[in-house]
Amino acid sequence: IAVKSSDLVSQQIMDTYRPELYNQVVTHTTVEETAEQIAHVHAVFAGSEAGVQLADVLAAKLGLRGNDLATSAHRREKDIMQEIVSEHGLRSIKQIKCNDARTVFDALEAGDLELPIVLKPIDSAGTEGVSLCNSIEDVNAAVSAILGVRNVMGCENKRFLAQEYIQGMEYVVDAVSIDGQHKLV
């Protein structure tokens, strides 16, 4: 069964969706209605980043094993991801949550961040809306390109992160864990 989390999800994400692979397709309306339509399933998992939080909610509603609802944002919001990394004693990227350009300028003036910096929407996906800013002009242009824009997740960008720019090799590791067993994807 496929559950479409929203009709607002971008075409970029919808291009990866193949309804013909499923016996049933359910378009999410309310948690109660959607849970009722899929009550016979044995597991719920997200098919894309757009479904992460809904998958958590539906698994909990159906009494199925799944991710802890209290940590749903840890898997979706970029600011919280960095905070969790830092809380566990690992090196993390300096960042400031912003809802306007003035917050960025204040951080630069106070020395909390220095150019170049990276600006990115908090709850988008992948590299959408990510900008490397080498100047105040770049910051203004990036903020204008982020705020008020509907992102690939179908949400309007209302907040963004200003992060220090770090150089070097980036590694992305996807993993699945259950009952203390960890599998790399």
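Everything that follows concerns the structure shown earlier in this document.
### Details of helix α3 (residues 52-61)
Thinking step 1. Among all positions in α3, only V52, L54, A55, D56, L58 and A59 are buried.
Thinking step 2. Residues of α3 that are buried make contact with β1 (2-4) and α2 (31-37).

### Side note on the pattern of salt bridges
Thinking step 1. The final tally for this structure, using the stated rule, is eight salt bridges.
Thinking step 2. Taking the shortest distance from any N to any O, the salt bridge between R159 and E77 comes out at 3.2 Å. Of the two residues, R159 sits in the loop between α6 (136-146) and β6 (160-164) while E77 sits in the loop between α3 and α4 (78-87), which places them 82 residues apart along the sequence.
Thinking step 3. Exposure remark for R159: the relative accessible area of 35% places this residue in the partly exposed category.
Thinking step 4. Measuring nitrogen to oxygen at the nearest pair gives 2.9 Å for the salt bridge that ties R102 to D106. With R102 and D106 both in helix α5 (residues 101-110) and four residues apart, the pair spans about one turn of that helix.
Thinking step 5. Judged by relative accessible area, which is 38%, D106 ranks as partly exposed.
Thinking step 6. Connected via shared salt-bridge partners are D79, E83 and K97.

### Quick look at the sheet that holds strand β5 (residues 131-133)
Thinking step 1. On the basis of which strands lie adjacent, the open sheet formed by four strands has the order β3-β6-β4-β5 and antiparallel pairing. Single-partner strands in this sheet number two, and they are β3 (95-98) and β5. Averaged over neighbouring strand pairs, the angle between their axes works out to 25 degrees when direction is ignored.
Thinking step 2. Direction of pairing for strand β4 (residues 117-121) relative to β5: antiparallel, over a ladder of three bridges. Bridge assignment links I117 to a residue of β5, and that residue is C133.
Thinking step 3. Across the sheet, α4 is in contact with β3, β4 and β6; its angle to β3 comes to roughly 150 degrees.

### Let's talk about the packing of aromatic side chains
Thinking step 1. One pass over the structure, following the stated rule, counts one aromatic pair.
Thinking step 2. Ring plane angle 20 degrees and centroid distance 6.5 Å describe the contact between Y17 and Y22, whose orientation is recorded as stacked.

### Quick word on α6
Thinking step 1. Within the sequence span of α6, burial applies to V139, A142, V143 and I146. Taken end-on, α6 shows its buried residues confined to a sector of 100 degrees, consistent with a single buried face. Along α6, exposed side chains directed more than 90 degrees from the buried face belong to E137, S144 and A145.
Thinking step 2. Those residues of α6 that are buried are in contact with α5, β4, β5 and β6.
Thinking step 3. Residue G148 follows α6 closely and has a positive phi angle near 80 degrees.

### Considering the layout of surface pockets
Thinking step 1. Computed from the structure, the second largest pocket encloses a volume of approximately 640 Å³.
Thinking step 2. Taken together, 25 residues make up the lining of the second largest pocket; nearest its centre are A2, V3, F45, A46 and G47.
Thinking step 3. Those elements giving two or more residues to the lining of the second largest pocket turn out to be β1, α1 (11-14) and α3.
Thinking step 4. For the lining of the second largest pocket, the class distribution of residues is 18 nonpolar, six polar and one charged.

Definitions and cut-offs
Residues numbered from 1 in each chain as written. Predicted model: local features only at pLDDT ≥ 70, side-chain atom pairs only at ≥ 80, totals over all residues. Heavy atoms only, no water. Buried < 20%, exposed > 50% of the residue type's maximum accessible area, 1.4 Å probe, protein only. Helix = DSSP H or I, 4+ residues; strand = E, 2+ residues; numbered from the N terminus. Contact = heavy atoms within 4.5 Å. Salt bridge = Lys/Arg side-chain N within 4 Å of Asp/Glu carboxyl O. Pairing = 2+ DSSP bridges. Axes fitted to C-alpha atoms, helices over the stretch in contact; angles between N-to-C directions. Phe/Tyr/Trp six-rings, centres within 6.5 Å; stacked < 30°, edge-to-face > 60°. Arc of directions from axis to C-beta. 1 Å grid on protein atoms, 1.4 Å probe; cavity = no way out; pocket = protein on both sides within 12 Å on 5 of 7 lines; lining within 4 Å. Points joined across faces, edges and corners; volume = space filled by probe spheres on them. Nonpolar A, V, L, I, M, F, W, Y, C, P; charged D, E, K, R; others polar.

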